[in-house]
Amino acid sequence: MKPVRAVVFDTDGVLLDSAALHAAAWKTAFDGCLEEWGADGAPQRPFDAEGEYRELVDGKPRYDGALAFLTARGIDLPSGAPADAPGCGTVWAVAARKEKAFARTLRSQPVEPFADVEPVLEALAGAAVRCAAVSASRHARPLLEVAGLLQLVELVVDGTDAARLALPGKPDPALFLEAARRLDVEPAQVAVVEDALAGVEAGQRGHFGLVVGIDRAEKPGGRAALLEHGADVVAADLTPLPELTSTSGAPP
Ligand SMILES: [Mg+2]
C-alpha cells in the first residue's frame, strides 16, 4: 500500500460528540408523526434512536435519512420540495422537522470535541499528514469552529458545499473524494475515518488507501458491522491513528 499522506475525518461522532444530538433530533422528528402515519388506528412504533439511527439514518443527508426510515417502515409519502415547512406530509417536511429539532437542541446544548481529537490532530500535523473534515450537515463548519477544531484541519467539505456542488450523500464517496481533490492527494494515499455504516461504505467505494471505522460506543455488533460495511480496521477512538497512518506506509 502507498504511504498515507492525508486523513479525511467524518465530523459527527468522530471529531464532535454530536451524533447523539442528531439521533435525538431524528427521534423528535419521527415520533411526532407516528400517529399520523399509523394504519388502521394503530400508530407506528417509536423510532429506535440506536439501531434504526445507525442502520438507516446516520451519516446521510437529511432527505436521504428521512426517506430510508420511511421506506423501511412502509410509509409512502410524496417527496415534496426542499422549501416544505416542517410537517409529516412529505419527505422534505419530515426532514425539515429534524432540522428544526436539531437547531433547537444546538441553542441549548453546546457540542464538544472528543478528548482524543486534538492531540491526534496535532500528532498527525507533526508527522506532516494533512487533515480535512467532511460532513453531510450544513452545521459542521460552525460547530467545528465553536469546538476549537477548525484551525486544526486544512479544509472542510460540508453540507453547504455538497448542496452547491450537487454531491450525492454517503454511501456515495463524493464528499470524501471532493476533500481528497482539494487536498490534491490521490485517494489511494488518503485514510478515511468514519463512525457511520454509510460512511465506511463510502470509504470502500471510493477506493481510499485505508478505511478506519470508529466504534466509540463499543456496543455488541458495532465493530463487526463496520468491518462488514467496508472498514479495514476498527478502533474505539482516534488514538491509534498516527501509528496506523505511519505503519500503513512502511515498505514491505
Ligand atoms: Mg458520523
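Nothing here was measured: the structure is a model prediction, and the numbers come from that model.

Conventions used here
- Residues numbered from 1 in each chain as written.
- Predicted model: local features only at pLDDT ≥ 70, side-chain atom pairs only at ≥ 80, totals over all residues.
- Heavy atoms only, no water.
- Salt bridge = Lys/Arg side-chain N within 4 Å of Asp/Glu carboxyl O.
- Helix = DSSP H or I, 4+ residues; strand = E, 2+ residues; numbered from the N terminus.
- Buried < 20%, exposed > 50% of the residue type's maximum accessible area, 1.4 Å probe, protein only.
- Axes fitted to C-alpha atoms, helices over the stretch in contact; angles between N-to-C directions.
- Parallel < 35°, antiparallel > 145°, perpendicular 65-115°, else oblique.
- Left-handed = near helix turned anticlockwise from the far one by under 90°.
- Contact = heavy atoms within 4.5 Å.
- Nonpolar A, V, L, I, M, F, W, Y, C, P; charged D, E, K, R; others polar.
- Donors = N, O, S within 2.8 Å, 3.2 Å for Na, K, Ca; no water.
- Phe/Tyr/Trp six-rings, centres within 6.5 Å; stacked < 30°, edge-to-face > 60°.
- Lys NZ or Arg CZ within 6 Å of the ring centre and 35° of its normal.
- Pairing = 2+ DSSP bridges.

### Things to note about the pattern of salt bridges
- Inspection of the entire model under this criterion finds 16 salt bridges.
- A salt bridge links E50 to K219, with the shortest nitrogen-to-oxygen separation between them at 3.6 Å. You can see E50 sitting in the loop between α2 (34-37) and α3 (51-57) and its partner K219 sitting in the loop between β5 (210-214) and α11 (222-228), a full 169 residues away along the chain.
- A relative accessible area of 44% means that K219 is categorised as partly exposed.
- K170 is paired through a salt bridge with E194; the nearest N and O atoms lie 2.7 Å apart. Of this pair, K170 sits in the loop between α8 (159-165) and α9 (174-183) while E194 is found in strand β4 (residues 190-194), placing the two residues 24 residues apart along the sequence. When sorted by exposure, K170 lands in the same class as E194, which is buried.
- A network of salt bridges, in which partner residues are shared, links R141, D158, D161, R164, E178, R181 and R182.

### Remarks on the packing of helix α4 (residues 62-72) against helix α5 (residues 91-108)
- Running from amino to carboxyl end, α4 crosses α5 at an angle of 115°, the nearest separation of the two axes being 9 Å. Put simply, α4 runs roughly perpendicular to α5. The interaxial crossing formed by α4 with α5 has right-handed handedness. Between α4 and α5, the residues in contact are R62, Y63, A66, L67 and L70 and V91, W92, V94, A95, K98 and E99, respectively.
- Its residues placed into classes, the contact of α4 with α5 shows 8 nonpolar, no polar and 3 charged.

### Topic: the coordination of the magnesium ion
- Coordination of the magnesium ion by the protein involves D10 (OD), D12 (O) and D195 (OD), with metal-donor separations of 2.1 to 2.2 Å.
- Ordering the donors of the magnesium ion by residue number gives the pattern D-x1-D-x182-D. Within this pair, whereas D10 is found in strand β1 (residues 6-10), its partner D195 is found in the loop between β4 and α10 (197-205), the two being separated by 185 residues in sequence. Neither residue differs from the other here; D10 and D195 are each classed as buried.

### A few points about the side chain of T11
- Checked against the element boundaries, T11 lands in the loop between β1 and α1 (19-31).
- By relative accessible area, T11 is classed as buried at 0%.
- In this structure, T11 is in contact with L16, A133, V134, S135, A140 and L144, ignoring residues within four places of it in sequence.

### A look at the packing of aromatic side chains
- Under the criterion given, the structure shown has 7 aromatic pairs.
- Judged by centre distance (5.4 Å) and plane angle (85°), the ring pair of F47 and F69 falls under edge-to-face. With F47 in the loop between α2 and α3 and F69 in helix α4, the pair connects residues that are 22 residues apart, well separated along the chain.
- Using a relative accessible area of 3% as the deciding quantity, one classes F47 as buried.
- The ring centre of F102 lies 4.7 Å from the NZ or CZ of K98, which sits over that ring.

### Details of the pairing of β4
- Counted residue by residue, β4 has 5 buried out of 5 residues, so it is predominantly covered.
- Taking every second residue as pointing to the same face, both faces of β4 are buried, with V190, V192 and E194 on one and A191 and V193 on the other.
- Here 4 bridges tie β1 to β4, and the two strands are oriented parallel to one another. Its bridge partner being in β4, F9 is matched across the sheet by V193.
- Here β4 pairs with β5 via 4 bridges, running parallel. What sits directly across from E194, in β5, is G213.

### Some details on α4
- All of the buried residues in α4 are Y63, G65, A66, A68, F69 and L70.
- Where α4 is buried, its residues touch α1, α2, α3 and α5.
- Just beyond α4, the residue with positive phi is G74, at close to 70°.

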